[in-house]
Amino acid sequence: MEGNMRRSRRLWGAAAVVTTLSLVLAACGGGSSSSGSSGEVDPNGTFTVYGTEPQNTLIPTNTNELGGSKAVDAMFAELVAFKGDNAQPYNQMAESITTTDSKVFDIKIKQGWKFHDGTEVKAKNFVDAWNYGAYSPNGQINSTFFENIQGYDDVHPADDNAKPTTDKMSGLVLKGDYEFQVTLKAPFSVFATKIGYTAFAPLPDVFFSDPKAFAQHPIGNGPMKFVSRTPNVDIKLTRNDDYKGQDKVKFKDLNIKIYASQETAYQDLLSNKLDFIETLPPSALAGSKYKTDLKDNLVIGHLLGISTIAVPYYVPGYDNLDLRKAISMAIDRAQITKTVMNDTYVPADGYVSQGIEGYRPAVCEFCKFDPTAAKAAFAKSGFKGKLTIASNADGGRKEPLVAACNSIKNVLGVECDFVPATDFGQWRSIVTGHKLTGMGRSDWSADYPSIEDFLNPIYRTGASSNDSVYSNPAVDQLLQQADSTPDKDAAIKIYQQAEDAIAKDLPSIPVWDEKGVAAKSKHTKTVTLDFRRRADYSSVEVTK
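Everything numeric here is computed off the predicted structure, so don't read it as measured data.

**Q** Before we go on, may I ask you to explain the confidence of the model for the protein chain in this structure?
**A** Detailed reading of the predicted coordinates is not advisable wherever pLDDT is low. Considering every residue of the protein chain, the mean pLDDT works out to 89; 92% of them sit at 70 or more. In this model, residues 1-32 is a region of pLDDT below 50 whose contacts with residues beyond four sequence positions or in other chains number 172 contacts.

Here you go:
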């Protein structure tokens, strides 16, 4: 996620960026966890993690940024969950998900699971929650996650001024207390994976009687229960001992401590006042200082995401393929990731994150550093003027983009400046308002592990996170064809054809992937960084 758009984009606010790198990860011990602290495990201990103030109330259909999801995803359990380095999906609350055509899905849920208020989770809790999330008057950020379901357009008209004709999607039909049927507008082979995303969590009956009151004390069905939330101070959760899922936690209390400064949080971690931070501040990265600081408390992850630089078509002079090729080939990704990002990132070579099924190396032929070819393409472009790259400047965003500008300047002999935004909110307003005056940072992290999630939301005409305002009817057609192809493997091949076509157009320039480097305290015996850049709470053990 990275904004409040039609579909979710991970918000990389004060936190750092995205990425992956399976080979390096394998060399780091074959996993994304860290251990090393000695001492007896304390099942009644407290785990304190770095947090940022959530954008909204802690409701699954209204949370799509990292600050809120650290609490929401611990409180709620969906039909499907993900595990392992490649985030393999498995049935969590779902007893079974069956389909013969990838259009009609019969979903049976496990019996005996309860919300934290003691009421049983039934099929209607999913159906009601999904209808609530999709219904446009409710204004939920994640509403468009339900757009594949038949009847979505009736509860959420495309015209913002139009009124819904109903508040229930016709594609959701209850079949009993523990079974419901979902009919999609068209076959969609990714649906059974997509419903593992936060927006598809169930909500208890009490929510629908008073959503505002519920927001003050949310009640979920997940491994942890809500205790309290003090704005700009902390969010406190405690273990749900009745939880039936595989991802039970092995500590008692979770304290999400809100920080205004990543630097302050890092210093607290080094002083063992904080147990986990999922990203490191620039001061720690400089000269690889973090390696000396952290030693055995370094946590290497396996993130599924990618960093690109959007080249907006609406900026005068930028609708120029030769210019985009020149810029891309003028960026020395290997040097920047090594010397500026201190090996916490690797060069990107395509539009899909490494680790995602369907990823292929070297899809982007213009992502290789080639000064000679870059100069030739620039001369052919006829571009005159100055180039700029804009971004929020916090969380280590500025330094690599300044380096990219310098690389472009050195190779092409053209002026290139970094343009900082005041903060992340201002930055996303500029991007979504199509007010960029040059290139802009455009990062993406998987909502769920699928190649589809790296293409549709970003490169389809009119897509919510299409920062470049890119439009290619051939790409749209391929994406639509892939979406409606029932067979998963066949669909992936068509998504790859779409990626190939996008790589030829270069609407955004892939630059680097983040390995996923986090840190833990001495108090933490084990912890894993998950693919969405969060501590996997089920992996955590704290010591006495």
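**Q** What is the right way to read the pattern of salt bridges from this model?
**A** The full count for this structure, using the stated rule, is 20 salt bridges. A salt bridge links Asp241 to Arg239; the nearest nitrogen and oxygen atoms lie 2.7 Å apart. Residue class for Asp241 comes out exposed when judged on its relative accessible area of 60%. One continuous salt-bridge network, built from bridges that share partners, spans Asp73, Asp530 and Arg534.

**Q** In this structure, what is going on with the packing of aromatic side chains? I would like to understand it.
**A** Each aromatic ring pair is described using two quantities: the centre-to-centre distance and the angle formed by the ring planes. For the structure on display, the rule yields 24 aromatic pairs. Look at Phe82 and Phe531: their rings are 5.8 Å apart centre to centre, the planes differ by 85°, and that puts the pair in the edge-to-face class. Taken together, the residues span a long stretch of sequence, with Phe82 in strand 5 (residues 80-83) and Phe531 in the loop between strand 23 (524-529) and strand 24 (535-542) at a distance of 449 residues. Across the pair, Phe531 and Phe82 agree in class, each one buried. Judged by centre distance (6.5 Å) and plane angle (85°), the ring pair of Phe191 and Phe200 falls under edge-to-face.

**Q** Would you explain the nonpolar core in this entry?
**A** Note that soluble globular proteins tend to have their nonpolar side chains buried in a common cluster. Core analysis: the largest hydrophobic core is formed by 137 residues, its most contacted members being Phe47, Leu79, Trp130 and Ile408. Once residues within four sequence positions are removed from consideration, Leu79 is found in contact with Tyr90, Asn91, Gln92, Met93, Ala94, Ile107, Ile109, Phe126, Trp130, Phe180 and Ile195. The next biggest cluster of nonpolar side chains, apart from the first, holds 15 residues, and it includes Tyr259, Leu274, Ile277 and Leu294.

**Q** Sorry, what's going on with the sheet that holds strand 21 (residues 508-514) here?
**A** In sheet architecture, strand pairing relies on hydrogen bonds along the backbone and comes in two forms, parallel and antiparallel. One open sheet holds the six strands; their spatial order is 17-21-16-20-18-19, and the pairing between them is mixed. Lying at the two open borders of the sheet, with one neighbouring strand each, are strand 17 (345-347) and strand 19 (416-421). Averaged over all pairs of adjacent strands, the angle between strand axes in this sheet comes to 30°, irrespective of strand direction. Bridge analysis of strand 16 (residues 305-310) against strand 21 gives four bridges, and the strand direction is antiparallel. Its bridge partner lying in strand 21, Ile309 is registered against Ile509. Where helix 11 (residues 321-330) meets the sheet, its contacts fall on strand 18 (387-392), strand 20 (439-445) and strand 21, and the angle it forms with strand 21 comes to roughly 25°. Most of the contacts of helix 14 (residues 398-412) go to strand 19, to which it runs at about 160°, and overall it touches strand 16, strand 18, strand 19, strand 20 and strand 21.

**Q** I'm lost on unusual backbone geometry in this one. Help?
**A** One can expect most non-glycine residues to show negative phi and most peptide bonds to be in trans. Unlike most non-glycine residues, Ser102 shows phi in positive territory, near 60°. Looking at where Ser102 falls in the secondary structure, it is placed in the loop between strand 7 (94-98) and strand 8 (104-109).

**Q** Is there a simple way to think about helix 2 (residues 66-75) in this case?
**A** Counting along an α-helix, one turn takes 3.6 residues, and residues three or four places apart therefore face a common direction. Burial of helix 2 is extensive: 10 of the 10 residues sit out of reach of the surface. All of the buried residues in helix 2 are Leu66, Gly67, Gly68, Ser69, Lys70, Ala71, Val72, Asp73, Ala74 and Met75. Buried residues along helix 2 sit against strand 4 (46-51), strand 11 (224-230), strand 12 (234-239), strand 13 (253-258) and strand 24.

About the thresholds
- Residues numbered from 1 in each chain as written.
- Predicted model: local features only at pLDDT ≥ 70, side-chain atom pairs only at ≥ 80, totals over all residues.
- Heavy atoms only, no water.
- pLDDT = per-residue confidence, 0-100.
- Contact = heavy atoms within 4.5 Å.
- Salt bridge = Lys/Arg side-chain N within 4 Å of Asp/Glu carboxyl O.
- Buried < 20%, exposed > 50% of the residue type's maximum accessible area, 1.4 Å probe, protein only.
- Phe/Tyr/Trp six-rings, centres within 6.5 Å; stacked < 30°, edge-to-face > 60°.
- Helix = DSSP H or I, 4+ residues; strand = E, 2+ residues; numbered from the N terminus.
- Core = buried A, V, L, I, M, F, W, Y, C linked by side-chain atoms within 4.5 Å.
- Pairing = 2+ DSSP bridges.
- Axes fitted to C-alpha atoms, helices over the stretch in contact; angles between N-to-C directions.

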